[in-house]
Structures are given as C-alpha cells and as structure tokens.
2 protein chains.
Amino acid sequence: MNQANFYPGPSRVYSNITEYIYEAYMEGFMSINHRSEQFMELYRNVKAELRTKLLVPGDYEIIFTSSATESWEIIAQSLTVKGSQHFFNGSFGEKWASYAEELTTVTKTHFGINEKLPTGDIAEGVDVLCLTHNETSNATMVSMESMKMLRAENEGKLIAVDVTSSFGGVKLDYSLADVWYGSVQKCLGLPAGMGFMILSPKAIQQAENIGENKRYNSLVRLLENAAKDQTSYTPNVLSIYLLYRTQQVSKGIDYISEKLTNRMASYTDLFNKTEGISFLVESEKLRSATVLALTSASPDKIKEKALDRGIVLGSGYGPWKKSTFRIANFPALKTKEVEKLMAFFAKYY
Amino acid sequence: MNQANFYPGPSRVYSNITEYIYEAYMEGFMSINHRSEQFMELYRNVKAELRTKLLVPGDYEIIFTSSATESWEIIAQSLTVKGSQHFFNGSFGEKWASYAEELTTVTKTHFGINEKLPTGDIAEGVDVLCLTHNETSNATMVSMESMKMLRAENEGKLIAVDVTSSFGGVKLDYSLADVWYGSVQKCLGLPAGMGFMILSPKAIQQAENIGENKRYNSLVRLLENAAKDQTSYTPNVLSIYLLYRTQQVSKGIDYISEKLTNRMASYTDLFNKTEGISFLVESEKLRSATVLALTSASPDKIKEKALDRGIVLGSGYGPWKKSTFRIANFPALKTKEVEKLMAFFAKYY
C-alpha cells in the first residue's frame, strides 16, 4: 500500500481490514455455515449497524447479492411488471437500462450532465422508475430535492436507486425510494465481491405480489431467507463480517458525510485555481460528493506524473474517457493521502 | 480456531489464509479493478495453477460464479435446449434437479445410496446429463469408472458434474464430462463466497450455439470475458487471489488425494471396530473420499460430547438428518486435528 489509490472503482479499503480478517479467522467466521445460529447473529448484527450508522430504516429489509450488476437483473426480473423508466446522464445508468431491456420493456430518458433530473418527464405504463444517485462515470449526483419531487409526483410507482458509489459516504433519505442498491468496494471501503439491496415495505409487497420465484436470485427467495436472517445460498460471509466490523467502529454517516464535504470543498478551491484543470460538471450543485471528474488537455500525462509520485488517479470513463480523469473522495482515504494529492496538484499544476 | 471443525460445509480454511490476505492488502489486490492488467494477470495465474496442480486441461475454460447454486441456474439457462436428466441419490442432486425444473424440462432419475450410477437408464430428448460426483448429504461418490461408461454411451450429450465437495481433494478425469462446477469453501479450503465452473470445448461450443445472452450470468457473457481474462462484473478478487496463492504452494492433486485416501483408510479401520457406529453406505467403493456419513443411535449425543472436547462434527442432512453425523475429510484439516478426532472416538466409543 505504498500507493495512494484514488481510483473511483474498487478503491482504498479500510486499513484495519486485515486485523478484522485475522479476527474472523480466529473466531471461526471463515468456516461458518450460512444456516447456523452464528451466521444469523452476524446478519442481525450487520443489519443493526447499518440502521444505526447509515440510518437505514427499521422496516427496510437488507439483502446481499454478488454485485450491483446482479441488482439490475433482480429489479427487472422480480419487481417490474409493465416496464421500467431509466433516467440517466452517464455510462452506469445507461448500462442498467440496457441490462433491464433484455428482461422487460424499458423507457430511456437521457438528460445532460449539467441538467437536473427531469422529474416531470414520466412515461406511460411503467411501474418502476430507475435512477443513478451518483453516476461514477461523470461525477454527477442527483439531489435529494430532485428525488423528493420525483417521489411526490409518482406515488403509485416503485423508485429504484443505484447508490453504488455513494452509499456509506452520503446521507440518504431512504423514504424517497423503495430500492437502494450498490456494492461494498466504494464508499464502504471493503474488498470487492459483494453487493447489497435495501428494500422498502412497498418493494417487498411488490415482490410478493409478482411472486417471481424461478431463479436462484428471485427476490421472494432472497427476502424469505433474509426474514430468517439467512441467505438462499452460501454468501460471502467474510465480506458480511467485514461490513459488520467496519460499521461497528464507524462514527456514522453525519460524521463521514461532513468529512467528505470538507474534503470536497478543499478540492473545489484547489481545482478552481489550478490552471488547465476544470470540473467536468459546471454547477457545484449537480456534482457528486464522492467522485470528482476533471477535464484537462492531457489527462494521461497528469495520471502518469501522479503515478510517479505514488498517486493512482482514476481514468475517465465512457464518453469522458479521453477528456477527463477522476478522483475518488471515499471515506476510507486517509487525510495524509488527501494531503499528498493536494500537494501534488498545488506543486505541479 | 480452538475448535477442530469437521463440518462438511464451509470447513477449515488453510491456516496461511490470513498471511495471504495481508499480502493481498499490501500488494493492493483488495483495490484492483477487474479490467486492469493486474487483475488479468491474476486470472491467468490462477488458471495456470489450477491446470498444473489440479490438472484442469488446457482447453477447458475456468470461470468464477457467486456459488455452486448459481451454476445450477447457468447450466439450465445457458446450456440446455431440450431438457436435462438428473441422476441423484441425495439432497444436493435433488435440489439441483428442482432448480433446473423452473427453467427447463427435467427428468429425475433416483438411485439408491448403495447402488452404482444407473448409466444405462438414459431418457429420451435430453441434451444434458447431470450428476453429483460427491453427494455431501450422504457421503456417496460416483466412480470415474461409472462416469467413463456414461460418457462412452452418450457421445452427443453434454455431461455436467457437481464437484462442490470433491474438487481439490479427488483426482478427476476431466475428459469424462463437459461442465465441472463447485465452490471454494470445501476441499479448496477457502472462505465461502465464490463458485467456479470448468467448461470443455464442447460445452463452450454449446453455449455459443444456444447464444442465450439475456442475463447477467449468461454463459456467453461469462465466457467472452474469461477469454480476455476478465469477468463480466466485479468479482470476489480477494477469493481469486487466495485461490491462486493456496494452489501455488499446493503439492498437487496426487499428493492431496493420497493424503485423503490414507486418512480415510484410518477412519475406516477405526469405525469398523467402533461399536454402535457404522458407515451409512455399505460398500467402500461407493463411499465418498472427502466426506464420511456415519449412523448411530444417537448422533446428537456424539456431536455434543465431541463439542465438549473442541471437535465440531457435521450434522446429518436431509433424510439422514437424524440418523447420521458427518465428518469432512478435506485437505486443509491438519494431521493433529485428525489425530484428535481419532483419539476422541477411540477413547469414548
């Protein structure tokens, strides 16, 4: 770990991870059965920590998947009857729509990276509205205000939100949607290899009404098991254990969110006065709190130069691959790493 | 790890796991992107080790899944056109058939635990023959001889084999089947949370001919990515790393298989002369090499007594839940643990 890793993909993991893994080994968590009392207790504990530290409501169920990609499938397969409408301004939201299209009728609603979520633009005959809270490809974020408007105008519909790169870093108002999904390798600071879904009572009801149960990841199966604090198949127990332990020592989302906001303010100051580097997204209000996308004439050169100094910057993604580079503003990144990054830009640009 | 864990589910993990995890952390493997050169190199390396140490043929592709349960779905979804025939004598083979039934036409062929695989009993109109090499629920194992007969008589069909609790412990003749699948928490001695599939050129061809590509785990998608040493979605990189490192230091399947055979011979001697305990399966030739199922008047009492002495025995499973207890004969179990177990039975029974 000589390098400071600011890649907004799998990024820095919490530095006490190896300690917790050793603990998991010593306490036998690497060998427990997913129908055992020990596992059920762990599942109860991790749910409780997520409710306390990340404020997940008590009546929202929490389940684990293999990845956020799998959640795309589960939403289309187990929660959608007529069709889903996808609002997107970047690559991940668009990929979600393409995946869903294989299984259901999809309406694609594209909006610009400098525009708000078009909450008034609702298609006919859809039962699920899908949006990407934090679009990792271009570092935009949908505000809770926009989501509030969407919710207010669409009482009868389910709302599903991709929070892959914001869950654990940004304070969310869970009442504004029914499905919140993501994975553990971004703001949760864990090794890659597990996803999660958080489901409102309305989403649970819809899964039961539809009753789709043909698949190993059919939502009714996953929910039936989750209600017993079990899983339908052998899960990544170690990852669940690490999520539990890291949340247990977490100072909570208010603290984390403030830390990230302060860091972002410093980055904003810095890049506003750095010649040749600008934010891809013009309005601060539309920018992500957890990822920065910055334009420059030669992102590759900047990345190379940074790498020489032990700093890994993220490449651009999709349409912004060549014109931008990205920086993760994830909670597990250390203050000294952030300072190193700031010093690098202050000195060389 | 004060307890010796002989549960034939997730069982003992290799004791150098925590060391390799620390290594993975220090080398940044917990934070790598699954499209990066570092990941592709890891994937190439793990494939190479599995070919060297477990003798997986060079023209068989190796892919990773979330679990063996997911492989049930993938076989039915992406490799079966007309239907699949399932030979089973226990719970896991039967569950596989039930899962497959949701997606395709299934013929169920039950055989007794004291009978050989009924290789002559082939149904009309099936394109995939499915069998459980090592049935963990009752500790039976299908011999390579039976599989040879099945293969010889069914040239036009795919053969899919569940090796969840034998892969890494028993020497397999891969030429006798087209799909070999399982998971890492049994004979591979790793923490739970990842499955694998090994696919013959014929299976790959069949996946391409069928071309099913609607799912996040559609086989053509998985294979397309595997051919580039990538995965279609963020995988459990840490588990792949651990598989690589443990195989790298492994003495190979001949050594491991001999070790397990010797241990099984000692167990057989012991239990043949232990009053009140008998093997569930009468013929030694039909018994599993990696799991023991033993009948007794009071399995619960034996398990309790063992637990008092720091030994975890496995419960019976399915129809044999009350009448048997089980013992894992997995490679990661240490000689001193095996000796402790033998001493326990020699002394108390």
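Throughout, residues of each chain are indexed from 1 in the direction in which the sequence is written. All chains are assigned letters beginning with A, and all ligands numbers beginning with 1, in the order in which they are written. In view of the model being predicted, local features appear only for residues whose pLDDT reaches at least 70, and side-chain atom pairs are presented and counted only at 80 or more, with totals across whole chains, interfaces and linings using the full set of residues. Remark: hydrogens and water are excluded; side-chain values derive from all non-hydrogen atoms of the structure.

Here we look at the overall build of chain A
Item 1. Secondary structure elements are taken from DSSP: a helix is a run of H or I of four residues or more, a strand is a run of E of two residues or more, and numbering for both begins at the N terminus. Counting its regular elements, chain A contains 11 helices and 15 strands.
Item 2. Radius of gyration here is computed from C-alpha atoms only, and the compact-globule reference equals 2.2 Å multiplied by the residue count raised to the power 0.38. The C-alpha radius of gyration of chain A comes to 20 Å, within 12% of the 20 Å expected for a compact globule of 349 residues.
Item 3. The principal-axis extent of the C-alpha atoms belonging to chain A is close to 60 × 55 × 30 Å.
Item 4. Note on exposure labels: buried denotes an accessible area under 20% of the residue type's maximum, exposed denotes more than 50%, and partly exposed covers the range between, all computed with a 1.4 Å probe on protein chains only. A total of 349 residues make up chain A; the buried ones form 66% of that total.
Item 5. Any two residues having at least one pair of non-hydrogen atoms within 4.5 Å are treated as being in contact. For chain A, restricting intrachain contacts to residue pairs at least 6 apart in sequence, the fraction spanning at least 24 positions comes to 71%.
Item 6. Looking at chain A as shown, the accessible area adds up to about 12900 Å², and 49% of this sits on carbon and sulfur atoms.
Item 7. Side-chain charges of chain A comprise 38 positive and 39 negative groups, with the mean position of each set lying 5 Å from the other. To be clear on the numbers: accessible area is Shrake-Rupley with a 1.4 Å probe, and residue cover counts the displayed protein chains and nothing else. In summary, the charge assignment counts Lys and Arg as positive and Asp and Glu as negative, without counting His or the chain termini. Think of each charge as sitting on NZ of Lys, CZ of Arg, CG of Asp or CD of Glu.

Structural notes on empty space enclosed by the protein
Item 1. Grid points spaced at 1 Å over the protein atoms alone were grouped into cavities, where a 1.4 Å probe fits but cannot get out, and pockets, open sets with protein on both sides within 12 Å along at least five of seven lines, with lining residues defined by an atom within 4 Å of a point. Grid points are joined across faces, edges and corners, and a volume is the space filled by probe spheres set on the points. Inspection of the entire model under this criterion finds six cavities of 30 Å³ or more.
Item 2. Space inside the largest cavity adds up to approximately 360 Å³.
Item 3. If you trace the largest cavity, you find 33 residues lining it, with Thr65, Ser66, Gly193 and Tyr233 of chain A together with Ser66 of chain B closest to the centre.
Item 4. Classes in brief: Ala, Val, Leu, Ile, Met, Phe, Trp, Tyr, Cys and Pro nonpolar; Asp, Glu, Lys and Arg charged; the others, Gly included, polar. Tallied by class, residues from the lining of the largest cavity come to 16 nonpolar, 17 polar and no charged.
Item 5. Volume-wise, the second largest cavity comes out at about 120 Å³.
Item 6. In terms of lining, the second largest cavity is formed by Pro191, Ala192, Asn236, Leu238, Ser239 and Leu242 of chain A together with Pro191, Ala192, Asn236, Leu238, Ser239 and Leu242 of chain B.
Item 7. When residues of the lining of the second largest cavity are traced back to their parent elements, those giving at least two are α8 (237-248) of chain A together with α8 (237-248) of chain B.
Item 8. Split into classes, the residues belonging to the lining of the second largest cavity amount to eight nonpolar, four polar and no charged.

A few points about the interface of chain A and chain B
By convention, interface size is frequently given as the accessible area that disappears when the constituent parts associate.
Item 1. Counting residues at the interface gives 45 residues for chain A and 45 residues for chain B.
Item 2. Buried area: the sum, over both parts, of the accessible surface (1.4 Å probe) that disappears when the two are put together. Both sides of the chain A and chain B interface together cover about 4100 Å² of buried area, and 56% of this is carbon and sulfur.
Item 3. Note on definitions: salt bridges are taken to be side-chain nitrogens of Lys or Arg within 4 Å of carboxyl oxygens of Asp or Glu. Inspection of the chain A/chain B interface yields four salt bridges.
Item 4. The closest approach of N and O atoms between Glu73 of chain A and Arg215 of chain B, which form a salt bridge, is 3.3 Å.
Item 5. Definition of a polar contact: a pair of N or O atoms within 3.5 Å, with one able to donate and the other able to accept a hydrogen when the atoms are protein atoms, and with sequence-neighbouring residues admitted only if both atoms are side-chain atoms. Here chain A and chain B share 15 residue pairs in polar contact (both at pLDDT 80 or more) between them.
Item 6. Residue contributions to the side of chain A that touches chain B peak at six residues, all from helix α1 (residues 17-26) of chain A.
Item 7. Its residues assigned to classes, the side of chain A that touches chain B comprises 21 nonpolar, 17 polar and seven charged.

A look at the sheet that holds strand β4 (residues 105-110) of chain B
All names here are of chain B.
Item 1. Taken together, the seven strands give an open sheet; going across it, the order is β2-β10-β9-β8-β5-β3-β4, and neighbouring strands pair in mixed fashion. Unpaired on one side and paired on the other, β2 (61-65) and β4 mark the two borders of the sheet. The average angle at which neighbouring strand axes cross in this sheet is 20 degrees, direction not considered.
Item 2. By this definition, two strands are paired if DSSP reports at least two bridges between them. Pairing of strand β9 (residues 179-183) with strand β10 (residues 195-199) involves five bridges; the strand directions are antiparallel. What sits directly across from Gly182, in β10, is Phe196. For helices, the axis comes from a line fit to the C-alpha atoms of the stretch in contact; other axes are also lines fit to C-alpha atoms, and the angle between any two N-to-C directions lies between 0 and 180 degrees.

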